[in-house]
Amino acid sequence: MNIAILGAGGFIGSHLVEHLLARGEHSIVGLDIEDEKLQGIEGPAFTFVRSDVREVPDSVVRDADVVVDLIAYANPSIYVESPLEVFRLNFMTNLEIANQCIRYGKRLIQYSTSEVYGKSRPPDTVYFEDETDMIMGPTTKQRWIYAVAKQLLERVIHAHGLLGEIDYTIVRPFNFIGPRIDYLVPAGSMGGPRVFAHFMSALLEGGPMYLVDGGAAHRTFMSIYDANTALQAILDSPAASQQIYNFGNPDNNIMIRDLAPLMMDLYQEATGQAPRCEPTEVSGETFYGEGYEDMDRIPPDISKLRALGWEPTRDLNETFGDTIRYYLKEAGRISV
Ligand code: UDP
């Protein structure tokens, strides 16, 4: 199969390229503006196309059997600072790619987000792909433009699917974690990357580990390696056509305020040294700016994925332990 991965230079894309190349069954074209995270990932079955993700050449879509669209801003500080940029990339650009797939009759695997569930708290405390209502925050909290853009994209693709115009699968990731996830920041800085990178920076340098709004929100974290095998299951299963899937590991749900000590323990285990950082509470608006609002995220139902023969394999300790060791090695703190 010829697979085009749009946004191949990002965290998810670079792992997917690596995983699919190792399987040795597919030809991969990876498109991105930068290839830093793809360094060392190579092989005769892989072609890198350097291109702005806003202008995906028709030929990349035309020559593929399957297009995997990973193009997105996926970082809450951007939703607050540049909501229109988020709309343009996460809706307009992705819509154009869906239109290219329709034009050339190509299968589309569209990465969406678990954030489309918004503030929903179903009574049975799980998210079901095809049943759970989606409840968004007010317009004045511009953070929600991300979830709304992704939700509208899902709805437009689904509507084209109903007309028989596109063969699609939508993926809703629940906080993937793994090596290369993010850039680190000076300890004590606010906004910027995701929670792992902030806590990792605090572990490396010492300083505050900020618990936004007391760290009371939950997140369900999934190992990037489990995310790769889940995507593989989608590629291998004709039954995944015209379907939406949660990609998550429901056993890995944790409150952010409990994640801080977990990462401190894993750091100590890896280095033999006690970390010099301190969990410190801060408000969401101080940390991200005006227009931020958080949601508490409950574990996903993954029975649709399980029906394809897939199971998650990595728990929180292994997922965060691997990733912490990767960043410690990058920083020259450990050798293995
Ligand atoms: N968060 C935190 N400290 C940080 C960064 C994030 O407490 O240094 C919180 C954030 O408010 C949210 C959770 O961690 O409740 C996950 O945030 P992240 O940006 O990683 O991802 P997302 O909100 O997109 O799931």
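Structural data are supplied above this passage.
First, a word on what this report is: a plain description of the structure on this page. (Residues numbered from 1 in each chain as written. Predicted model: local features only at pLDDT ≥ 70, side-chain atom pairs only at ≥ 80, totals over all residues. Heavy atoms only, no water.)

**Digging into the sheet that holds strand β4 (residues 66-69)**
In plain terms, the rule: The pairing criterion for strands is at least two bridges between them, as found by DSSP. A run of H or I in DSSP becomes a helix once it reaches four residues, and a run of E becomes a strand once it reaches two; helices and strands are each numbered from the N terminus. Axis definition: a line fit to C-alpha positions, over the contact stretch in the case of helices; interaxial angles, taken between N-to-C directions, run 0 to 180 degrees.
Ordered in space as β3-β2-β1-β4-β5-β6-β11, the seven strands form an open sheet in which the pairing is parallel. On the outer flanks of this sheet lie β3 (46-50) and β11 (243-247), each paired with one strand and no other. For this sheet, the mean angle separating the axes of adjacent strands, direction not counted, is 15°. Where strand β1 (residues 2-6) and β4 come together, four bridges link them in parallel fashion. Paired with Ile5 across the two strands is Val68, which belongs to β4.

**Side note on the site of the ligand**
Basically, it comes down to this: Put simply, a residue is near a molecule or strand once any heavy atom of it comes within 4 Å of that molecule or strand. Contacts described as polar in this section are N or O atom pairs within 3.5 Å, which, within protein, must combine one atom able to donate a hydrogen with one able to accept it, while residues neighboring in sequence count only if both atoms come from side chains. Where accessible areas are quoted, they stem from the Shrake-Rupley method and a 1.4 Å probe; at the residue level, only the protein chains shown are allowed to cover. Side-chain classes follow a simple rule in which Ala, Val, Leu, Ile, Met, Phe, Trp, Tyr, Cys and Pro form the nonpolar group, Asp, Glu, Lys and Arg form the charged group, and the remainder, Gly included, forms the polar group.
Neighbouring the ligand are 19 residues, the closest being Val195, Tyr210, Val212, Arg219 and Asp294. The side chain of Asn175 places a nitrogen or oxygen atom 3.0 Å from an oxygen atom of the ligand. Arg297 is positioned such that a nitrogen or oxygen atom in its side chain is 3.3 Å from an oxygen atom of the ligand. Look at the ligand: alone it shows 520 Å² of surface, and the protein chains cover 96% of it. In terms of residue class, the shell around the ligand is built from 11 nonpolar, two polar and six charged.

**Brief notes about the packing of aromatic side chains**
What counts is decided by this rule: Aromatic pairing here means that ring centres of Phe, Tyr or Trp (its six-membered ring) are within 6.5 Å. Orientation follows from the plane angle: under 30 degrees is stacked, over 60 is edge-to-face, and everything else is tilted. In this scheme, a residue with accessible area under 20% of its type's maximum is buried, one over 50% is exposed, and one in between is partly exposed, where area comes from a 1.4 Å probe on protein chains only.
Under the definition given, this model contains 13 aromatic pairs. Between Tyr79 and Tyr146, the aromatic rings sit 4.1 Å apart at their centres with planes inclined by 5°, giving stacked as the arrangement. Residue Tyr79 is found in helix α3 (residues 76-81), and its partner Tyr146 is found in helix α5 (residues 144-162); the two are separated by 67 residues along the sequence. Exposure remark for Tyr79: the relative accessible area of 2% places this residue in the buried category. Residue Tyr146 is classed as buried on the basis of its relative accessible area of 5%. A centroid spacing of 5.1 Å and a plane angle of 85° characterise the contact between Phe221 and Phe320, whose relative ring orientation is edge-to-face. One end of the pair, Phe221, is in the loop between β9 (218-220) and β10 (222-223); the other, Phe320, is in helix α11 (residues 316-330), and 99 residues separate them in sequence. When sorted by exposure, Phe221 lands in the same class as Phe320, which is buried.

All we've got here are geometric facts, nothing functional implied.
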